[in-house]
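Breakdown of the fold
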Amino acid sequence: MESKGNGRIEVVGMGPGRESMMTQQALEALDAADVIVGYTVYLDLLGERFAGKELLSTPMKQETERCRLAFAEAAKGRSVAMVCSGDAGIYGMASLMFEIREELRDDAAGIDIDVIPGITAASSGAAVLGAPLNHDFCVISLSDLLTPWELIEKRLRAAAEGDFAIAIYNPSSKKRHDHLRKACDILLETAEPERACGYVRSIGRDGEEFRACTLAELRDTEVDMFTTVFIGNSQSRIIDGRLITPRGYRL
Ligand code: SAH
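Let us look at the structure shown here. Throughout, a residue's number is its position along its own chain's written sequence, starting from 1. Reporting in this predicted model follows two pLDDT cut-offs: at least 70 for local features of residues, and 80 or more for side-chain atom pairs to be given and counted; totals over whole chains, interfaces and linings ignore these cut-offs and use all residues. Derived side-chain values reflect all non-hydrogen atoms in the structure, with water molecules and hydrogen atoms excluded from consideration.

**Focus on the site of the ligand**
What counts here: Think of it this way: one heavy atom of a residue within 4 Å of a molecule or strand is enough to make that residue near it. Whenever two N or O atoms come within 3.5 Å, that pair is a polar contact, provided that in protein one can donate a hydrogen and the other can accept it, and provided that, for residues adjacent in sequence, both atoms are side-chain atoms. Surface accessibility follows the Shrake-Rupley procedure with a 1.4 Å probe radius. Residue values consider only the protein chains on display as shielding. By the convention adopted, Pro, Cys, Tyr, Trp, Phe, Met, Ile, Leu, Val and Ala count as nonpolar, Lys, Arg, Asp and Glu as charged, and the other residues, Gly among them, as polar. Boundaries between domains were set according to an automatic or database domain assignment.
The ligand sits among 19 residues. The nearest are Ser85, Ile90, Thr120, Met225 and Thr227. Contacts to the ligand include isoleucine 203, whose backbone N or O atom sits 2.9 Å from a nitrogen atom. Taking phenylalanine 226, its main chain carries an N or O atom lying 3.4 Å from a nitrogen atom of the ligand. Relative to its unbound accessible surface of 540 Å², the ligand loses 92% to contact with the protein. Here the shell around the ligand is composed, by residue class, of ten nonpolar, seven polar and two charged. A domain-level breakdown of the shell around the ligand finds at least three residues from each of domain 1 (8–119) and domain 2 (122–244).

See the structure below:
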């Protein structure tokens, strides 16, 4: 239980970007917050509804500073909402907030952290594409900023070997144009070139688009960082342009 007078922090997953795709719990947490902290792009996505709120942002790649800022505000006794895209606990800020509270010790004593789940890109993107994750699946990020590339390769191989459907996050960035191609080459060691795949760009945002294609076609496709990529398992099929991973029901 929260003791009176202490600030609190809610780490809020805001879903892919549209208000209708936020949970009621997330909206209520933002409504109740004294201050909303987040990366500028996500604060912009919040739109009119929160226009009157105090908003604090730090640029991309300053995640640690952003979390410290949230604690500094909460230490004043304020109610802070820290927003993340999708789910705050899936390549988000949730774990870092607990790590920083541990590091701050007495300075953060009594500051409660609540994590509020959101619709992650694997889920919202799957819905656009059809039903690509309707069996066992893995989620793998191709970002090697915080993870060694060798480990990413190992996980891709293991996922393909296990015949998991895969949702790929961070398939590209300004500096890493060839990561998806490299990932596809690894998957092609085990998976056939005709393997059903797909990708969705700008899920829940203006300009949303999707495409179902083969693994060989995906290998030669350039996607950007606002895209989530889906690799089917050996049973996945493209039906009427949508990517489907069967559950296994007999027709
Ligand atoms: N916490 C977020 C993921 C952050 S990692 C979540 O749960 O969704 C950033 C990656 O997520 C992007 O590179 C992209 O692969 C994916 N992503 C997040 N939002 C997206 C969106 N609206 N459309 C497409 N991909 C998205």
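**Overview of the sheet that holds strand S10 (residues 209–214)**
The cut-off we apply is this: Two strands pair under a simple rule: DSSP has to find at least two bridges between them. Per the convention used, a helix needs a DSSP run of H or I reaching at least four residues, while a strand needs a run of E reaching at least two, with both numbered from the N terminus. Every axis in this analysis is a line fitted to C-alpha atoms, fitted for helices over the stretch in contact. Angles between the N-to-C directions lie between 0 and 180 degrees. We call two residues contacting when some pair of their heavy atoms lies within 4.5 Å.
Spatially, the five strands line up as an open sheet ordered S7-S8-S11-S9-S10, and their pairing is mixed. Single-partner strands in this sheet number two, and they are strand S7 (137–141) and S10. Each strand axis lies, on average, 20 degrees off the axis of its neighbour in the sheet, ignoring direction. Of the pairings in the sheet, the one linking strand S9 (residues 196–201) to strand S11 (residues 227–231) comprises five bridges and is antiparallel in character. By the bridge assignment, glycine 198 is partnered in S11 with phenylalanine 230. Sitting on the sheet, helix H6 (residues 149–161) touches S7 and strand S8 (165–169), and the angle it makes with S7 is about 160 degrees.

**Some words on helix H3 (residues 63–75)**
Formally: Expected span of a helix: the number of residues minus one, times 1.5 Å.
Taking 1.5 Å per residue as the helical rise, H3 with its 13 residues ought to reach 18 Å, and the 19 Å between its terminal C-alpha atoms agrees with that figure. On its buried face, H3 sits against strand S1 (8–13), strand S2 (35–39), strand S3 (54–58), strand S4 (79–84), helix H4 (94–104) and strand S5 (112–116). Just downstream of H3 lies glycine 77, where phi reads positive at about 90 degrees.

**Let's talk about the environment of serine 79**
Filter applied, for reference: Accessibility here uses a 1.4 Å probe with only protein chains present; expressed as a share of the type maximum, an area under 20% marks a residue as buried, one over 50% as exposed, and anything in between as partly exposed.
You can see serine 79 is positioned in strand S4. Owing to a relative accessible area of 17%, serine 79 belongs among the buried residues under this scheme. Placed 69 residues apart in sequence, serine 79 and glutamate 10 show a C-alpha to C-alpha distance of 8.0 Å. Apart from the residues lying within four places of it in its own chain, the contact partners of serine 79 are Arg8, Ala32, Ala33, Asp34 and Val35.

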